[in-house]
Amino acid sequence: MVDFMYMETKKTRLLMIVASTRPGRKGGAVADWFLEATRVRAEELGVSLTVADLAEINLPFLDEPDEPATGRYIHAHTRRWSKLVDGADAFVVCIPEYNHSLPATLKNAMDALSQEWRAKPIAFVSYGNTSAGTRAALAAKSVATTLGMVPITSTVAIRLSDAFVGEELVADARRDAAARHVIDQLHRYAAALAPLRRADELPIEEPGLHGLTLSRADERDASELLVLQRACWVAEAIANDTLDIHALHEPLETIVRGIREYTTWVVRDGARLVGSARARAVGDAWQIGRLMVAPDLRGRGLGRFLLEWVERNAPDEARRFELSTGARSSRNLLTYTRAGYEVQATSHGATHLAKRAGAMQSVVAA
């Protein structure tokens, strides 16, 4: 039998930003406490936490010549910061209060980027004296909402005189519970806002495919791609009378590596991933693979649409399209030959096909 491995749901990638850069700051101790207080709950929810310490990141003040909204960055430090923020699904900020407001280092870090923040939840763990840092959090929320983030109502406010003895943060069960509630809310909001973060999602306007959307895949799609792949290659195993099919046994890390190495597109029906295809350039060939359609959607033209889409997105230097399928996968072979592919060879139970790319203009998913 096919060994269907247990698949976990997508992880919520939480970025904790330590805002203070001052010598002798309390931010490091506050961040360490939050990570430890929420560690078990984060594991239960599937939340991964990464710390971004602005003292270590050391961003210069607004040194890019173009507006952040353009997404054009000439400096490596800005590109690194962009990648870190863009890769997060949610944020929690350890923020001190300076003169009734947020630190300039945090404002600079927020102002340096634009779309990377959009449609993501943000929470604040504030600390200070008179107001426990709440005025800093309030000031930061106005910046966050302008950037398209969604501040959640759950917060943690730490009054330094009550919470610290020297450099040590005093244990507090109520504060720990508040931190766990922040994690709960960020996880829920990140999932709810996820559809809004698919900026490249395009509606498919083909007969029979209305309501489906197309977008480029990223590593967060790996778990769903693996489930779809197993479901699709069961039919291949039956048609070819063998379970010795690599796609049936690939582990999750192989799927992730494939997303990095290939250009991969995914089709969704609402939140459900129902189709996919990928390709990469090897010399003057555009190698197409992993063309998949959910079994219950076959026969509606989605496979043909995906094949045509991948062909149209071939680089200008591509001179031929190449793909393979099971030697006894008659349905696939019929689809490919009707699309103009010719059999090149059959070996080890697989049939290899190709066709001339022709003069085609590249179309890129926006």
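Residues numbered from 1 in each chain as written. Predicted model: local features only at pLDDT ≥ 70, side-chain atom pairs only at ≥ 80, totals over all residues. Heavy atoms only, no water.

A. Broad picture of the overall build of the chain. The number of helices and strands found in the chain is 12 helices and 16 strands. C-alpha extents for the chain along the principal axes are approximately 75 × 50 × 35 Å. Considering the chain as a whole, with its 366 residues, one finds that 47% of them fall into the buried category. Across the chain, the fraction of contacts at a sequence separation of at least 24, relative to all contacts at a separation of at least 6, is 72%. When the accessible surface of the chain is totalled, it reaches about 18500 Å², and 52% of it is carbon and sulfur. Each charge class in the chain can be summarised by its mean position, and for the 45 positive and 46 negative side chains these summaries are 2 Å apart. (Helix = DSSP H or I, 4+ residues; strand = E, 2+ residues; numbered from the N terminus. Buried < 20%, exposed > 50% of the residue type's maximum accessible area, 1.4 Å probe, protein only. Contact = heavy atoms within 4.5 Å. Areas by Shrake-Rupley, 256 points an atom, 1.4 Å probe, with all protein chains shown as cover. Lys, Arg positive; Asp, Glu negative; His and termini not counted. Charge placed at Lys NZ, Arg CZ, Asp CG, Glu CD.)

B. Representation of the side chain of Ser126 in the model. Within the secondary structure, Ser126 sits in strand β4 (residues 121-128). Not counting chain neighbours up to four residues away, the residues in contact with Ser126 comprise Ile95, Ala132, Gly133, Thr134, Ala137, Val156, Ala157 and Ile158.

C. Broad picture of the pairing of strand β6 (residues 156-159). Here β6 shows a clear split, with Val156 and Ile158 buried on one side and none of Ala157 and Arg159 buried on the other. Pairing of β4 with β6, which is carried by 4 bridges, proceeds in the parallel orientation. For Tyr127, the partnering residue across the bridge sits in β6 and is Ile158. (Pairing = 2+ DSSP bridges.)

D. The arrangement of helix α4 (residues 104-111) in detail. All of the buried residues in α4 are Leu106, Asn108, Ala109 and Met110. Considering only its buried residues, α4 is in contact with β1 (12-18), α2 (54-57), α3 (76-86), β3 (90-96) and α5 (134-146).

E. Main features of the packing of aromatic side chains. Under the definition given, this model contains 5 aromatic pairs. In this structure an aromatic cluster arises from ring pairing among Trp81, Phe91 and Trp117. Sitting over the face of the ring of Tyr98, Arg22 holds its NZ or CZ atom 4.1 Å from the ring centroid. A cation over a ring is seen here: Arg278 above Tyr262, with NZ or CZ 3.9 Å from the ring centre. (Phe/Tyr/Trp six-rings, centres within 6.5 Å; stacked < 30°, edge-to-face > 60°. Lys NZ or Arg CZ within 6 Å of the ring centre and 35° of its normal.)

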